[in-house]
Amino acid sequence: MSKHHKHRGYGAQFSASPKDGLVLEVLALAEKAGAKAGYAAAKEELYRTIGSGQFLNEQETDELLAAAQRAGSAAALVAARKVLDKTLRTSFAHHHHASVSSSPTMPPALPPTVTEEPLTKYSPALGLLDTPRTKIEQHILTITRVERLNDQIVRLIASAPNLDGYRSNAALDEYVKVVVADPALGLVPPYDLRALRHRLPREQMPRSKSYTIRWVDPALNELAIDFVVHGAPGTVGHWAGNAQPGDPIVISPARSKSSLSLTASYYVLAADEAGLPAIAKVLEALPSSASGVALLEVTDENAMFDVKHPEGVVLRWLPRGLVPAGKSNVLPVALQSLPLPAGQVGVIAHAERSTIKAIHQITEYWHLNKHASHISSYWTLRENRLHS
Ligand SMILES: Cc1cc2nc3c(=O)[nH]c(=O)nc-3n(C[C@H](O)[C@H](O)[C@H](O)COP(=O)(O)OP(=O)(O)OC[C@H]3O[C@@H](n4cnc5c(N)ncnc54)[C@H](O)[C@@H]3O)c2cc1C
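Description of the structure in this document. (Residues numbered from 1 in each chain as written. Predicted model: local features only at pLDDT ≥ 70, side-chain atom pairs only at ≥ 80, totals over all residues. Heavy atoms only, no water.)

This next bit is on the sheet that holds strand β11 (residues 292-298). Spatially, β12-β11-β10-β13-β14 is the arrangement adopted by the five strands of the open sheet, whose pairing is parallel. With one partner strand each, in any of the chains shown, β12 (313-319) and β14 (374-379) form the two edges of the open sheet. Averaged over all pairs of adjacent strands, the angle between strand axes in this sheet comes to 10°, irrespective of strand direction. With five bridges connecting them, strand β10 (residues 266-271) and β11 associate as parallel partners. Pairing of Y267 across the sheet is with G292, part of β11. (Pairing = 2+ DSSP bridges. Helix = DSSP H or I, 4+ residues; strand = E, 2+ residues; numbered from the N terminus. Axes fitted to C-alpha atoms, helices over the stretch in contact; angles between N-to-C directions.)

Written as structure tokens, this is what we have:
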């Protein structure tokens, strides 16, 4: 084995001696451990806030955990560099002192002057160390069809040989991250988000947002995602509204957050447009004998479309009219007025964050079947942020 190790990020000319290798390894370990510790601390804090009734949506949770990881790794790296720097200075000074005083022709040794920063050659270390390169887990498909379900929702059907390795997890709430980059940057997928984070300002990073896999057809190598069309250029919602057959779509591997078992005796389902794909999947999966009600928030009567559902589950489309998405209270008001049956109720609700908070408050004292219930925020209304 070669005595020198190449290190990613330093260019071809940087090859490290075994000692350099050890230093880099320590820095890499510190970076990794810091990231892990930051992540764990933030997660614990998140559980605490959930316990006290505060909610972050998935996007905010991801951003918070990523920030904690970055902060943790940066702090650990600074600490490790300090310790290494001190150690190397001491050994450098000791070595310098020893070699100077051992020369018979030289005058008596002077106290060593440290002129060299022992760790400078390892800068910038953050994020550039030779940590094991993780495979970029993204699947690149091609949009083959674009279907308008109503004025706000577009279905993109995408395909690739063998679905480019995408495997359905068959979960009822199967979802993916859809990754969209600004075409002006000329980035080529798959996107190495970790590396790009060190290179690009935050506002230029590819967007990575959660979307329900509406259906997968492995025989035809096709899958479908329903997107709410909204927002300004730069948002995934805007990208979806302009997507054309032939365009690529980049998705993460399949994810799932709940292990719902559809075992309730009565169902109350609620969604705005973002939650509608997930609720439509539940409606399709319910046994034909199921009973309940599905409250579906849309803009107006023209926005209703066909959703397959058991006969015993009543669909109630709730137009919010001129009230903007995320500001309407049609879902909580309808929920509040429901006459509930005596048995165990399964509540599945996905909508904007404050709506979900209201739904939580209303259903808190219901006799819920926990295994058949999943109430979670799908997006957060943020005014003046890339909004149309
Ligand atoms: C598990 C899961 C599954 C999801 N499935 C779907 C799905 O199948 N289809 C779908 O469309 N969404 C779905 N969402 C919601 C989607 O991830 C968010 O709406 C996401 O914020 C959209 O990203 P963006 O880049 O378009 O906008 P962002 O950058 O997040 O937001 C930009 C602006 O648009 C506003 N905004 C964000 N989402 C909406 C919206 N839906 N309606 C109106 N304004 C909005 C924000 O308030 C902000 O002002 C899902 C979310 C989760 C957690």
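Don't stop here, the text continues.
For T355, the position within the fold is in helix α7 (residues 353-363). The class for T355 is buried, based on a relative accessible area of 5%. Those residues in contact with T355 that sit more than four places away from it in its chain are S328, L331 and P332. (Buried < 20%, exposed > 50% of the residue type's maximum accessible area, 1.4 Å probe, protein only. Contact = heavy atoms within 4.5 Å.)

Moving on: the pattern of salt bridges. The final tally for this structure, using the stated rule, is eight salt bridges. Residues D226 and R155 are paired through a salt bridge, measuring 2.6 Å at the closest nitrogen-oxygen approach. With D226 in strand β8 (residues 222-228) and R155 in strand β4 (residues 153-159), the pair connects residues that are 71 residues apart, well separated along the chain. As far as the burial class goes, D226 and R155 line up, both buried. Notably, a salt bridge pairs R214 with D226, separated by 3.6 Å at the nearest N-O pair. Note that R214 is positioned in the loop between β6 (207-212) and β7 (215-217) and D226 in strand β8, a separation of 12 residues in sequence. Salt bridges linked by common partners bring R155, R214, D226 and E284 together as one network. (Salt bridge = Lys/Arg side-chain N within 4 Å of Asp/Glu carboxyl O.)

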